[in-house]
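Chain by chain, the residues:
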Protein chains: 2
Amino acid sequence: MIMERLRATRRLLNYTPKSLFASRSHPNSSEQSICRSASGFAHWGRYYEHQKRRFGGTVWAPLGVLGKASRIQCRYFGSVAETIQRDPSFSKLNSDDISYFKGILGEKNVIQDEDRLAFANTDWMRKYKGSSKLLLLPRSTEEVSRVLKYCNSRRLAVVPQGGNTGLVGGSVPVFDEVIINMSSMNNIISFDKVSGILVCEAGCILENLVSFLDNQGFIMPLDLGAKGSCQIGGNVSTNAGGLRLVRYGSLHGNVLGIEAVLANGDVLDMLGTLRKDNTGYDLKHLFIGSEGSLGIVTKVSILSPPKLSSVNVAFLACKDYISCQKLLLEAKRRLGEILSAFEFLDNESLDLVLNHLEGVRNPLPPSMHNFYVLIETTGSNESYDKETLEAFLLHSMEGGLISDGVLAQDINQASSFWRIREGVPEALMKAGAVYKYDFSLPVEKMYNLVEEMRIKLGNSAKVIGYGHLGDGNLHLNVSTPQYDDMILAQIEPFVYEWTSKHRGSISAEHGLGLMKANKIFYSKSHRTVQLMASIKKLMDPNGILNPYKVLPHSMICDGSSVQT
Amino acid sequence: MIMERLRATRRLLNYTPKSLFASRSHPNSSEQSICRSASGFAHWGRYYEHQKRRFGGTVWAPLGVLGKASRIQCRYFGSVAETIQRDPSFSKLNSDDISYFKGILGEKNVIQDEDRLAFANTDWMRKYKGSSKLLLLPRSTEEVSRVLKYCNSRRLAVVPQGGNTGLVGGSVPVFDEVIINMSSMNNIISFDKVSGILVCEAGCILENLVSFLDNQGFIMPLDLGAKGSCQIGGNVSTNAGGLRLVRYGSLHGNVLGIEAVLANGDVLDMLGTLRKDNTGYDLKHLFIGSEGSLGIVTKVSILSPPKLSSVNVAFLACKDYISCQKLLLEAKRRLGEILSAFEFLDNESLDLVLNHLEGVRNPLPPSMHNFYVLIETTGSNESYDKETLEAFLLHSMEGGLISDGVLAQDINQASSFWRIREGVPEALMKAGAVYKYDFSLPVEKMYNLVEEMRIKLGNSAKVIGYGHLGDGNLHLNVSTPQYDDMILAQIEPFVYEWTSKHRGSISAEHGLGLMKANKIFYSKSHRTVQLMASIKKLMDPNGILNPYKVLPHSMICDGSSVQT
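Below you will find a few notes about this structure. Note that the structure is a prediction, hence the values are computed from the model and not measured.

Cut-offs and rules
- Residues numbered from 1 in each chain as written.
- Chains lettered and ligands numbered in written order.
- Predicted model: local features only at pLDDT ≥ 70, side-chain atom pairs only at ≥ 80, totals over all residues.
- Heavy atoms only, no water.
- Buried < 20%, exposed > 50% of the residue type's maximum accessible area, 1.4 Å probe, protein only.
- Helix = DSSP H or I, 4+ residues; strand = E, 2+ residues; numbered from the N terminus.
- Arc of directions from axis to C-beta.
- Contact = heavy atoms within 4.5 Å.
- Least-squares fit on C-alpha atoms with pLDDT ≥ 70 in both.
- Pairing = 2+ DSSP bridges.
- Axes fitted to C-alpha atoms, helices over the stretch in contact; angles between N-to-C directions.
- Buried area = accessible area lost by both parts, 1.4 Å probe.
- Salt bridge = Lys/Arg side-chain N within 4 Å of Asp/Glu carboxyl O.
- Polar contact = N/O pair within 3.5 Å; in protein donor to acceptor, adjacent residues only side chain to side chain.

## Re helix H4 (residues 95-105) of chain B
All names here are of chain B. For H4, every residue scored as buried is listed here: Asp97, Ile98, Phe101, Ile104 and Leu105. Down the axis of H4, the sector holding all buried residues measures 125 degrees, keeping them to one side. In H4, the exposed residues that point more than 90 degrees away from the buried face are Ser95, Asp96 and Gly103. Where H4 is buried, its residues meet strand S3 (110-111), strand S4 (135-136) and helix H6 (141-154). Among the residues trailing H4, glycine 106 stands out with phi positive, at a value near 85 degrees.

## Observations regarding the environment of threonine 377 of chain B
All names here are of chain B. Mapping threonine 377 onto the fold places it in strand S14 (residues 371-379). Taking the C-alpha atoms as reference points, threonine 377 and alanine 427, separated by 50 residues in sequence, lie 26 Å from one another. When near neighbours in sequence (up to four residues on either side) are disregarded, threonine 377 contacts Ser310, Val311, Asn312, Leu335, Ile338, Leu339, Ser340 and Leu389.

## Quick word on the relation of the copies chain A and chain B
Note on the copies: chain A fits chain B at an RMSD of 0.0 Å, the axial shift is 0.0 Å, and the rotation between them is 180 degrees. Expressed as an axis order, the relation between the two copies is that of a two-fold axis. Closest approach to the rotation axis within chain A is made by the C-alpha atom of glycine 253 of chain A, at a distance of 2.1 Å. Most of the interface of chain A is mirrored in chain B, where 100% of its interface residues again form contacts.

## Structural notes on the sheet that holds strand S8 (residues 197-201) of chain B
Residue and element names in this part refer to chain B. On the basis of which strands lie adjacent, the open sheet formed by 5 strands has the order S7-S8-S11-S9-S10 and antiparallel pairing. Two strands lie at the open edges of the sheet, namely strand S7 (188-192) and strand S10 (267-270), each paired on one side alone. Strand-to-strand twist in this sheet, taken as the mean axis angle between neighbours without regard to direction, amounts to 10 degrees. The pairing of strand S9 (residues 255-261) with strand S11 (residues 296-303) spans 6 bridges and is classified as antiparallel.

## Re the interface of chain A and chain B
Each side of the interface is counted separately: chain A has 92 residues, and chain B has 93 residues. Together chain A and chain B conceal approximately 7,500 Å² of surface at their shared face, both sides included; 56% is due to carbon and sulfur atoms. In terms of surface lost to chain B, no three residues of chain A exceed Lys276, Asn278 and Tyr281 of chain A, which account for 14% of the buried area on that side. Remark: the boundary between chain A and chain B carries 10 salt bridges. Here glutamate 509 of chain B ties to lysine 276 of chain A by a salt bridge, and the two come within 2.9 Å at their closest N and O atoms. Viewed at the interface, chain B and chain A are joined by 44 residue pairs in polar contact (both at pLDDT 80 or more). If you list the elements that add at least two residues to the side of chain A that touches chain B, you get helix H9 (245-248), helix H10 (251-254), strand S10 (267-270), helix H11 (284-287), helix H12 (321-334), helix H16 (443-457) and helix H19 (526-539) of chain A. Considering each element in turn, the side of chain A that touches chain B owes the most residues, 9 residues, to H19 of chain A.

Structure below.
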């Protein structure tokens, strides 16, 4: 049984968090996985090459025609296809505009090349595709400011773009919006080893920041599957969650300051490097998670925790969902300060991974269990952490919370456990069509949704539940051999209504983007959304920043409908 | 030397965090200390009795005359006395108003009694005193909503009030504002032991929440000297910092949801109980730290960490400030996940405590050192934590960062160390007049301000520096036998200018309130403050919520001056 496994393998190699995290960097291995960059700082050329590899060399022909309705493409991800109209209040680009931008940014940072535009117009899932004719690459806050000031005066709509790794169509144009890509603003400005405070430009790729901090003995407080491409400005603008949230909390707690450019070009300097600052309203939080619709984040100040030397990973089986919950409670209490991840998947998820991913083996053969939990600890003392984890596992086994389990003894075992958890999205993609959802729910009710969905769909589809149990974040996925509108109609709006009824969130970490802008009322009260719309109109009266996203466009474009 | 002390006393009693924290509850023992409640939930009668004890039975005669300029009282705390005018756009209370409020709240919750009004009009330092004629005690969100809707339609200004423990005059009227005290909304609504999420009404006293959670095996993520009186709604509205911030972060990270009533009576239900929710702008952050000027917080949802069983406290001496900084860096790295407090005081502070507080002894006799550091660890394993702390202390001593030190062996020793750190404000009060400041500064520059102030003031005053080093939060205090405007003129605006020059904050944790509303530009850019004012005007067009506070009143009352 478990303790035999634990003890039999205790003499094996130890590993460092660095190598462990590096081992997670498998392409398409996570919820937000995409092709990864080589090391070194990003520039546009490399970004472009990325995208090319990402799409296997296929270049998409521009689809959209300006002024015409754009049909949102649906491939893997389930969402009712919607038809929206281009807002006629926005101007269309002309040659004077191009000349003006070239004057500000220089010829080579004003991109009209069709191939490069095709990449920037398309999200990584190929689900959303715009028809922008212009991609701008500003190199400084001043350039962003001048570009936005001009666009605002001309009523040219814009879409801010970072690594373009989002899952809800937030970072690509819907129609002909000018794309402002932040890749060229990729400098680290300062790092203070006493406080652990990093200040950098928005275009820094997360993985490069991770490497930089690693050399300083620190880590980033967030870790995502997409870290090889996503940018810190995009992370902040979308309030990215990821794998370390259970330990280090959200970006609202870790981001200390922001510099942002408003729609009219005004620069808001809130780039504080202080842990405490109670001087007026803390407006930086408006920009964290507003998906570029209130301003473009140009610089970020972030608190980075010290790197700790000991990481342990256990893969456990539970007989039912209530045991998973109890295990979480015990883990919080007994592992306390060293708990760094608490992920779960159901047996359908494991089955899918075992069937569709090469080289993945069941760590707990021969039988299949109902639920699996991956627990990671991170601390400063290897032997103590391991003893603590083992004592916790023994206690949990004796208490009947765990049916079986194994503790990784080296980096290969640890990464093989992570590969199972992070491989679920990839396995789903390989299994056929998939309808993907990302909900926050009270932990005790979370899995009921999966079970109800199974009853509703019967044999017509597989329903998969996995996610960040420690954060109450369920990734619900419905897998079918082929895409079918009838299946979708059984899922939506049922899942949104169910989530709303249980006071959950219809987007735990992915944001609303274009996909769920009109679904915001499932999670937020009408009065709250009204206030959001009022703030949007206050800060971006012409509505040029990332239009059609986050909030229902009807609330933004019709001035008379917004009351406070 | 240190390790001898450590080893000589290792066999002594251990203590629990509960008893340790309880031991801190000495009246007037902290930066925000006030008289403490007995256990049990607060209601107005008890609150009133509190205040009576607080002021030693003395009842203040109402001073202010409606419509006349109000001279701010100055006793202990240094700030240039300012004269401001009542905003004539606010209506004056009439008998119809009183009848209307009685109809909503019932006779006994509409207070016109002079004694009770005198208490509610005065802050605990007796520095600020308003002349309100009406105190309202709503018992539900619905009542708060109806009261505000009426006040807004009548243009009656209001001041939201919690435990009234603030240090910047934010929670008392300036003139005749109607006081809305939240003490009667003191119910715990729910607690989820799996997620650790507590939902409660705004009027819950912090200490009562601490007791409630203690029984459940959890703690509040914030701890303040004022916990016996302060209310969670006030804590959230002022973004209270305190002693656990270095470990658990700010309320922006820990508060999961808020219910707030806007100036026009609309209720914003954002009372989520989810760790992750990316559906639109996260507006709750606008209410965290806006000091009741954007709405009245009526309910709060907060993430509480599990209670850990082991607490250790060390009191250390450092020869210079650079050693304190290096020690902080080492503590973060070597104590990592168990570090829960890193406080510092200079020798002037210790000297003051030793001279003015009874029963306090120097833990490191016979010599005086230049700096003292209090380190606390909180973890789940008594013996491991102690070993880790001892190893860290040994390492730091060998590296020359610590000159001397002692590790508490029981609750009495631990509380005697905390008594020194928390006793500084009380000692300052006893020593004479004191000019108090609360700055956030980059840690490496923090103490330079104390030294420059000393050079500037020479022998005319004692300059004391202490605070939360782990958070970069300096409490700078200037002590003189008597209050002297000449001294004040040497301190201000120098300290604000110095802080501004080093990109610090002129209020780390106390807020702006009335005291520093006009000083906001020292910490925030003009454009940022403009946007704050625009948001204030959007959410409270008549400016009835806590007027004259937080932002310069001229930016609020004159509509034409605010542009976005």
